[in-house]
Amino acid sequence: MLRTLTRAGAMAAALLTPVAAFAQEAAEAAAPVPNPGNNAWMMTATVLVMLMILPGLALFYGGLTRSKNMLSTMTQVGATASLAMIIWVMWGYSLAFGDTTYEGTLGLFVSGGSYFLAGTDASSTAATFTDEVISKYVFISFQMTFAAITAALILGATAERMKFNAVMLFVPIWLTIVYFPIAHMVWAGGGLLFEDGALDFAGGTVVHINAGVSGLALAYLLGKRRGYPAEPMPPHSLTLTMVGTGLLWVGWFGFNAGSALEADGSAGLAMINTFVATAAGALTWMVIERMAGHKGSALGFCSGVIAGLVAVTPAAGNSGPFGAILLGMLASAVCYFAVAKAKSKFGYDDSLDAFGIHGVGGIVGAIGTAVVYQPFLGGPGDGSTALGAQLGVQVFSVVVTIAWAGLGTLIAGGIVKALIGLRVSEETEVDGLDIGEHGERAYN
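Residues numbered from 1 in each chain as written. Predicted model: local features only at pLDDT ≥ 70, side-chain atom pairs only at ≥ 80, totals over all residues. Heavy atoms only, no water.

A.B. asks: Explain the overall build of the protein chain here, please?
C.D. replies: Helix and strand content of the protein chain: 16 helices and two strands. What you see for the protein chain is a C-alpha radius of gyration of 25 Å, in line with the 22 Å of a compact globule of 444 residues. Counting only C-alpha atoms and orienting by the principal axes, one finds that the protein chain spans roughly 110 × 50 × 45 Å. Counting the 444 residues in the protein chain, one finds 54% classified as buried. Accessible surface, the protein chain: about 18200 Å² in total, of which carbon and sulfur atoms supply 69%. Computed over 18 positive and 26 negative side-chain charges, the inter-centroid distance for the protein chain is 11 Å. (Helix = DSSP H or I, 4+ residues; strand = E, 2+ residues; numbered from the N terminus. Rg over C-alpha atoms; globule rule 2.2 N^0.38 Å. Buried < 20%, exposed > 50% of the residue type's maximum accessible area, 1.4 Å probe, protein only. Areas by Shrake-Rupley, 256 points an atom, 1.4 Å probe, with all protein chains shown as cover. Lys, Arg positive; Asp, Glu negative; His and termini not counted. Charge placed at Lys NZ, Arg CZ, Asp CG, Glu CD.)

A.B. asks: How should the nonpolar core be read in this particular structure?
C.D. replies: Note that soluble globular proteins tend to have their nonpolar side chains buried in a common cluster. Judged by nonpolar contacts, the single largest core of 109 residues is most densely connected at Trp-88, Trp-174, Leu-175, Tyr-179 and Phe-255. Those residues within four positions of Phe-255 in sequence are excluded, and the remaining contacts are Val-49, Met-52, Phe-142, Phe-146, Ile-149, Ala-202, Val-207, His-208 and Thr-313. Counting six residues, the second-largest nonpolar core is a separate cluster that includes Ala-315, Leu-327, Val-364 and Val-372. (Core = buried A, V, L, I, M, F, W, Y, C linked by side-chain atoms within 4.5 Å. Contact = heavy atoms within 4.5 Å.)

A.B. asks: For this particular structure, what's the right way to read the side chain of Ser-397?
C.D. replies: Positionally, Ser-397 belongs in helix α14 (residues 387-419). Note on Ser-397: relative accessible area 3%, which makes it buried. Ignoring anything within four residues of it in the chain, the contact list for Ser-397 reads Leu-193, Ala-198 and Thr-205.

A.B. asks: Looking at this structure, how should I read a nonpolar patch on the surface?
C.D. replies: A surface patch of nonpolar side chains, amounting to about 460 Å² of accessible area, comprises Leu-407, Ile-411, Ile-415, Leu-419 and Ile-420. Among the structural elements, Leu-407 can be located in helix α14. (Patch = residues over 30% accessible without salt bridge, like charges linked within 9 Å, V, L, I, M, F, W, Y side chains within 5 Å. Salt bridge = Lys/Arg side-chain N within 4 Å of Asp/Glu carboxyl O.)

A.B. asks: I tried to follow empty space enclosed by the protein on my own but got confused; where do I start?
C.D. replies: Over the atoms rolls a probe the size of a water molecule, and in doing so it shows where empty space is left. This structure, assessed with the given rule, holds four cavities of 30 Å³ or more. Of the volumes computed, that of the largest cavity is approximately 40 Å³. Lining the largest cavity we find Met-52, Leu-57, Ile-149, Leu-153, Val-207, His-208, Leu-248, Trp-252, Phe-255 and His-358. Counting only elements with at least two residues in the lining of the largest cavity, the list comes to α2 (36-64), α4 (136-153), α8 (204-222) and α9 (238-257). Counted by class, the lining of the largest cavity contains eight nonpolar, two polar and no charged residues. (1 Å grid on protein atoms, 1.4 Å probe; cavity = no way out; pocket = protein on both sides within 12 Å on 5 of 7 lines; lining within 4 Å. Points joined across faces, edges and corners; volume = space filled by probe spheres on them. Nonpolar A, V, L, I, M, F, W, Y, C, P; charged D, E, K, R; others polar.)

A.B. asks: Just checking my understanding: could you explain α8 for this structure?
C.D. replies: Count 3.6 residues to each turn of an α-helix, and residues three or four apart come out pointing the same way. When the terminal C-alpha atoms of α8 are compared, their 26 Å separation across 19 residues agrees well with the 27 Å that a helix rising 1.5 Å per residue should span. Along its length, α8 reaches its greatest deviation from straightness, about 30°, at Asn-210. Buried residues dominate α8, accounting for 17 of its 19 residues. (Expected span 1.5 Å × (residues − 1). Bend = angle between axes of the 7 residues up to and from the residue.)

A.B. asks: Would you mind showing me how to read the environment of Ala-340 here?
C.D. replies: Checked against the element boundaries, Ala-340 lands in helix α12 (residues 321-346). Spatially, the C-alpha atom of Ala-340 lies 33 Å from that of Thr-176, the residues being 164 residues apart in sequence.

A.B. asks: Looking at this structure, how should I read the packing of aromatic side chains?
C.D. replies: Any pair of aromatic rings gets described here by the distance separating the centres and the angle formed by the planes. For the structure on display, the rule yields 16 aromatic pairs. Aromatic pair Tyr-179 and Phe-180: ring centres 6.1 Å apart, planes at 80°, arrangement edge-to-face. (Phe/Tyr/Trp six-rings, centres within 6.5 Å; stacked < 30°, edge-to-face > 60°.)

A.B. asks: Can you help me understand the confidence of the model for the protein chain in this one?
C.D. replies: For residues with low pLDDT, the predicted coordinates do not support detailed interpretation. Taken over all residues, the pLDDT of the protein chain has a mean of 94, while the share at 70 or more is 93%. Between residues 1-16, whose pLDDT stays under 50, and residues either more than four places distant or in other chains, the model counts zero contacts. Note on residues 19-23: pLDDT under 50 across the span, and zero contacts to partners over four residues away in sequence or across chains. (pLDDT = per-residue confidence, 0-100.)

A.B. asks: Looking at this structure, how should I read the pattern of salt bridges?
C.D. replies: Should the charged atoms of two oppositely charged side chains come close, the side chains can pair. Taken as a whole and judged by the stated rule, the model has nine salt bridges. Measuring nitrogen to oxygen at the nearest pair gives 2.7 Å for the salt bridge that ties Glu-160 to Arg-225. With Glu-160 in the loop between α5 (155-158) and α6 (164-187) and Arg-225 in the loop between α8 and α9, this pair connects stretches of sequence that are 65 residues apart. A residue is classified by how much of its surface remains accessible, and Glu-160, at 4% relative accessible area, is buried. Since its relative accessible area comes to 7%, Arg-225 is described here as buried.

A.B. asks: Explanation requested: α12 in the structure shown.
C.D. replies: The end-to-end C-alpha distance of α12 is 35 Å, a good match for the 38 Å that 26 residues give at a rise of 1.5 Å each. Roughly 35° is the biggest bend found in α12, and it falls at Ala-338. For α12, the set of buried residues is Gly-323, Ala-324, Leu-327, Gly-328, Ala-331, Ser-332, Cys-335, Tyr-336, Ala-338, Val-339, Ala-342 and Lys-343. The secondary structure elements touched by the buried residues of α12 are α10 (265-291), α11 (298-312) and α13 (354-372). Where α12 ends, the next residue or the one after it, Gly-347, has phi of about 80°, a positive value.

A.B. asks: How should the layout of surface pockets be read in this particular structure?
C.D. replies: Estimated volume of the largest pocket: approximately 930 Å³. The wall of the largest pocket is formed by 35 residues, among which Thr-128, Phe-129, Trp-187, Phe-194 and Leu-261 lie closest to the centre. For the lining of the largest pocket, the secondary structure elements donating two or more residues are α3 (70-97), β1 (125-127), α4 and α6. The dominant element in the lining of the largest pocket, judged by the number of residues it contributes, is α4, at five residues.

What follows is the structure in structure tokens.
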């Protein structure tokens, strides 16, 4: 009896062995499942970037304008972001990160195949920088907020004189021919600058140089504000600008640490760098003001905060903390010169210094990333790419971004100008865009 049972057990084991092997193979072949912790962090990071737009950027820009243009500035920021989100899910995501990779030259600039989010459902996943995955809808949402804030940042250069309907026509054209291709070139596999080895952790080229240069080009097409520079045009509420600055700094942790795509050590590195580079930028600006014979100002503090944030964006996960401090200090000093000296020397009307801080700070950060990435400064690089070689790659990425953004914006702005005009009437500009464009006032 015992022998029979033993034989039966052996036969059962022999039958189960192939089944177990098959089950193991099936488990290994199963699609990876998103880690709930990473998913939760990325959803949080996405909401933090949304906080940067509304109310952060809206209050920051709104406080810097004259009171008669407060609401129009905030409305343009909110409406631009909203329009960008709709465009993103229709064709923007597909052009930047779509599932179809084109062969040859076209694939260096755009992708396709995911229009209207075709093929995406709740079970779809997106790759990270490790073997982990996150939900694809979360990745799409995260990148959507980047497109939205980049378009909104441009409005700092054109504030107080651009028609609302012109903004609404400009945004979809600009996103299509400028933002989506640059995002693909830098961040998508097969993209021109991605394959070249450009380091841009969270958007030094894609967001800040892109928006700053585009703002400068659009300001050129618009012309100067009536009375600029002879007429004083001080910010009407530095209190609101300070509140907006704080919201931007808080939201920027989602922007930078979220770009790790996981709640891991790289996100932690980006987090501490976002603290210290920003603090260094804020203090440096105020020190320079004092050295120039002025008092350290609230506006200087806010400007230094943004300069530090902008500069550390491409370096957030590509630098050690002390490299980030140096980058924040350098960017603040260069941006101070651009805002206080270069703007008046060259005579362009960059209303709220979108180019002077985002464009210039982005250039400093993008090029400086090559330096702070190196291990001798405590960066995460392994030294396999020489400093000179990485500098060449970074400079090339900056030049490509400047050229693409500048030319693309001139084309997009020129189309809008020819179709409906860019600028409000002289009467509206005198009375204020709040009343002239929206029929309401910020303060009664």
